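Here is what each chain is made of, one letter per residue.
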Amino acid sequence: SFHFKSKENLFKETLTFLAEEHRNSWVQSLKTCDQTPAGKLRAIMDAHFDPAVCSQDRIAVWFAFFGEMRYRKTYREKVTGFDRERQRITEELCAELAANEGDPTLDAAEIAEALESFADGLWLNIMMYPECLTPASARQHVSNYLTWTFPKSYAENTPTLCRGVG
């Protein structure tokens, strides 16, 4: 209570730290990756499962905050900007990849939203079933999805079958 003055301030600062840490991870990945749209999208998605960001402890804290999000406007305000920024970049990259595929049925906005939801779901499964799903295997699942969705752009990746966690 000396440093943060209240439990609410402690929570806000914790969420800010986690959100900035996650953003810094994918931004740094973008700077050092293959600069093609496929490389950039893979870098963003891989950053979700960076061990520095994707650990049992951190995921548990995120899900505690997710449970409070609909009740605490402040929490939403702290995270929404980071999420929208990543979502916008992801959607732009998906649009470039969809154009490369030449498939008019590929909807970049839907794919970007699905990728965000997929990552969140994998985080949940990493937390709930750590003996069945690791950050590395989650990364492989996303890689497989990208290959199946954008086969021309990810032709070098050979997908493996996804296994359930049950």
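Residues numbered from 1 in each chain as written. Predicted model: local features only at pLDDT ≥ 70, side-chain atom pairs only at ≥ 80, totals over all residues. Heavy atoms only, no water.

Draft legend 1. Expanded view of the packing of aromatic side chains. One pass over the structure, following the stated rule, counts two aromatic pairs. Between Trp62 and Trp123, the ring centres sit 6.1 Å apart and the planes meet at 45 degrees, which makes this aromatic pair tilted. With a gap of 61 residues between them, Trp62 in helix H3 (residues 56-69) and Trp123 in helix H5 (residues 108-128) connect regions that are remote in the sequence. Across the pair, Trp123 and Trp62 agree in class, each one buried. Between Phe118 and Tyr145, the aromatic rings sit 5.8 Å apart at their centres with planes inclined by 65 degrees, giving edge-to-face as the arrangement. Of this pair, Phe118 sits in helix H5 while Tyr145 is found in helix H6 (residues 135-149), placing the two residues 27 residues apart along the sequence. The ring centre of Trp26 lies 5.8 Å from the NZ or CZ of Arg23, which sits over that ring. (Phe/Tyr/Trp six-rings, centres within 6.5 Å; stacked < 30°, edge-to-face > 60°. Helix = DSSP H or I, 4+ residues; strand = E, 2+ residues; numbered from the N terminus. Buried < 20%, exposed > 50% of the residue type's maximum accessible area, 1.4 Å probe, protein only. Lys NZ or Arg CZ within 6 Å of the ring centre and 35° of its normal.)

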